[in-house]
Amino acid sequence: MLRVSNVRKVFESARGTYIALDGVSLTVSDGEFLCLLGPSGCGKSTLLNILAGFEPVTAGSVMSGDIPISGAGRERVMFFQDAGSALLPWLTVEENVRFGLRVRKIPKAGWQPIIDKYLRMTGLDTHRTKFPSELSGGMRQRLQISRALAVEPEVLLMDEPFGALDAMTRRYMHSILLDIWQRTGKTIVFVTHDIAEAISLADRIGVMSFGPRSVITKLIDIDLPRPRDLTNPKVAVLYNEIETLLAPDLARVAEHS
Amino acid sequence: MVAKPADDAGERSRRSMTATLSHGALAVGSLVLAFLIWQFLSTVLFNPFLIPPPLEVIRTAIPMLMSGEILDDVAISMSRVVVGFVTGSLAGIFTGVLLGRIRLLHDLFDPIIELLRYLSPTAMIPIAVIWFGIGELSKYFLIFWGTFFIVVINTTAGVWRTPIARQRAAECLGATKLQIFVLVIIPSAVPYIVTGMRVAMASSFMSIIPAEILAADSGIGYLLQKSSMLLQTNRIFVALLTICVLGFIVDRIFRFFVDRVLARYMSFVSQT
């Protein structure tokens, strides 16, 4: 379980002080699929970086289970949009997965079955000897998923992971991710600015406001069976509800860009 | 008639072979053209004493090769380049990694490096002779000097530009600070380091010659200097040609090594 209580995050820089988050509270239960949704600059990535332990909070607390988060932890793995940067381009598909097992000090004898299992789960087992530069964008993201799952974390923190993929590949990645989530029971915190993506994936959507002083304006339960049909009238109602919530923020984004 | 797929593949490989052949033919053509222009310049436009014709130069080169005279000079110049280049590269990589990693060191030493790098090895020859004499040490020093700054600057940039996502991803997987440094940051900097070393290698070739002209009693630069004093333009041209061929060969060896050993580190993955 992840618990964020009254978190405030202030960035100090040469250009001045920026209050990114101000009074954010959120609880993510085990096995939940939570989407953080909001316009660019709403602090959702900042919140995710705090959950990953990359950024300290200015005030408030973040807990993973009963332990305060103060750095990267074994139970949490972050997942990046730019797979080209996040992967190790000089290692093959299989070696990238092995890298995680190696730095986790998992006994060597256990490596091969783990590698096989997760490469098969993401459909990459026929591409083991390829380098990331030889993979498509969707395959690189699947490799990131395999690498993350192989170290068996409890929580996946995903920062707009499919934002750079084309629409068809993105839908395919959604089905893969949901399938893996249902099979493994991981807790997922998924950042996105795409309303349809959030509705098709999440158990619960945390809508965030445009910064500075971002907060979670509303938590919405998505009580629809999966796989979700985006033409379902209930989806349209939800979509409109979120759109209305975001409308004032969208106007402010327009002013700033 | 419709071509079968097998024919298609054969056709493709034949086409790529044709491409290689025509590329090779063009390279040979370019060299032949150069010799023709050279011949024309030396016999028609200028005095053959000032620009000795190609055949004359080859005639001079053969006994120099046979007696081993030129090979001795090549060996001594190369050993200077290699010693200075290797030590300069190692020191440059070591310093560059530290500067790329430790902010305080970077802020402290970057201004000094930014100023000193404008002192080319050639500018350092007079003081090097006073410090180290005209023996091997002064040449090692000059090549080291030329290599060091180029490699430092490139290495620092490479370490600096390791994507933050890559470091954080490794951290999440459980890598320690040391593992991130050795297994993520250093390999990420390899393309920058190699680029720096290649530029430094070229610069070493540029600077060994003036160093030997001004302060040596052996080496190709010395051969140039001696031949100039004796007005032996033939021998000067042999020395100049030797430099061209040597630089070309060394760069090819360097590339071959990089392709064989470091190829996997050289690929940049584009942003998805």
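These numbers were taken from a predicted model, which means no experiment stands behind them. (Residues numbered from 1 in each chain as written. Chains lettered and ligands numbered in written order. Predicted model: local features only at pLDDT ≥ 70, side-chain atom pairs only at ≥ 80, totals over all residues.)

1. Topic: the overall build of chain A
Now for step 1: Regarding its fold elements, chain A presents eight helices and 10 strands.
Now for step 2: For 257 residues, the compact-globule estimate of 2.2 N^0.38 gives 18 Å, and chain A sits close to it at 19 Å.
Now for step 3: Considering only C-alpha atoms, chain A reaches an extent of 55 × 45 × 35 Å along its principal axes.
Now for step 4: Residue burial in chain A is summarised as follows: out of 257 residues, 44% are buried.
Now for step 5: Considering only intrachain contacts with a sequence separation of at least 6, the fraction spanning at least 24 residues in chain A is 69%. (Helix = DSSP H or I, 4+ residues; strand = E, 2+ residues; numbered from the N terminus. Rg over C-alpha atoms; globule rule 2.2 N^0.38 Å. Buried ≥ 20, exposed ≤ 12 C-beta atoms within 10 Å, placed from the backbone. Contact = placed C-beta atoms within 7 Å.)

2. Examining the interface of chain B and chain A
Now for step 1: In this assembly, 22 residues from chain B lie in contact with 26 residues from chain A.
Now for step 2: Counting residues per element, the side of chain B that touches chain A draws most heavily on helix α7 (residues 164–173) of chain B, at eight residues.
Now for step 3: Looking at the side of chain B that touches chain A residue by residue, the class counts come to 12 nonpolar, six polar and four charged. (Nonpolar A, V, L, I, M, F, W, Y, C, P; charged D, E, K, R; others polar.)

3. Examining helix α10 (residues 233–261) of chain B
Residue and element names in this part refer to chain B.
Now for step 1: For α10, spanning 29 residues, the distance from its first C-alpha to its last is 42 Å, which sits close to the expected 42 Å at 1.5 Å a residue.
Now for step 2: Taken as a whole, α10 has its buried residues at Thr-233, Arg-235, Ile-236, Phe-237, Val-238, Ala-239 and Thr-242.
Now for step 3: Where α10 is buried, its residues contact α2 (54–66), α3 (69–101) and α9 (220–229). (Expected span 1.5 Å × (residues − 1).)

4. What to know about the sheet that holds strand β5 (residues 67–68) of chain A
Now for step 1: Read from one edge of the open sheet, four strands run β2-β1-β4-β5 (chain A), paired in antiparallel fashion. Both outer strands of the open sheet, β2 (16–28) and β5 of chain A, are each paired with one neighbouring strand and no more. (Pairing = 2+ DSSP bridges.)

5. Considerations on unusual backbone geometry
The phi angle of most residues is negative, glycine excepted, and most peptide bonds adopt the trans form.
Now for step 1: For the bond from Arg226(A) to Pro227(A), the omega torsion is -5 degrees, close enough to zero to count as cis.
Now for step 2: Within the chain, Lys105(A) stands out as a residue other than glycine whose phi angle is a positive 60 degrees.
Now for step 3: Relative to the helices and strands, Lys105(A) resides in the loop between α3 (93–103) and α4 (111–121).
Now for step 4: At Leu231(B), a position not held by glycine, the phi torsion is positive, near 55 degrees.
Now for step 5: Checked against the element boundaries, Leu231(B) lands in the loop between α9 and α10.
Now for step 6: Given 9 C-beta atoms within 10 Å, Leu231(B) falls into the exposed group.

6. As for the nonpolar core
Now for step 1: Judged by nonpolar contacts, the single largest core of 120 residues is most densely connected at Leu34(A), Cys35(A), Leu51(A), Val77(A), Leu157(A), Val189(A) and Phe190(A).
Now for step 2: Considering each element in turn, this core owes the most residues, 14 residues, to helix α8 (residues 177–214) of chain B. (Core = buried A, V, L, I, M, F, W, Y, C linked by C-beta atoms within 7 Å.)

7. A look at the environment of Val235(A)
All names here are of chain A.
Now for step 1: Turning to its location among the elements, Val-235 is positioned in helix α8 (residues 233–256).
Now for step 2: Between the C-alpha atom of Val-235 and that of Glu-12, which follows or precedes it by 223 residues, the distance is 41 Å.
Now for step 3: If sequence neighbours within four positions are ignored, Val-235 has contacts with Ile-199, Arg-228 and Leu-230.

8. So, the environment of Gly137(A)
Residue and element names in this part refer to chain A.
Now for step 1: With respect to the helices, strands and loops of the structure, Gly-137 is situated in helix α5 (residues 137–150).
Now for step 2: Given 19 C-beta atoms within a 10 Å radius, Gly-137 is considered partly exposed.
Now for step 3: When the C-alpha positions of Gly-137 and Thr-169 are compared, they lie 8.6 Å apart, and in sequence the two are 32 residues distant.

9. Considering the sheet that holds strand β10 (residues 216–221) of chain A
All names here are of chain A.
Now for step 1: Taking strand neighbours across the sheet as the criterion, the six strands line up as β6-β7-β8-β3-β9-β10 in an open arrangement whose pairing is mixed. Strands at the two margins of the open sheet, each flanked by one partner only, are β6 (76–79) and β10. Between one strand axis and the next, the sheet turns by 15 degrees as a mean value, whatever way the strands run.
Now for step 2: Where strand β7 (residues 155–159) and strand β8 (residues 187–192) come together, five bridges link them in parallel fashion. (Axes fitted to C-alpha atoms, helices over the stretch in contact; angles between N-to-C directions.)

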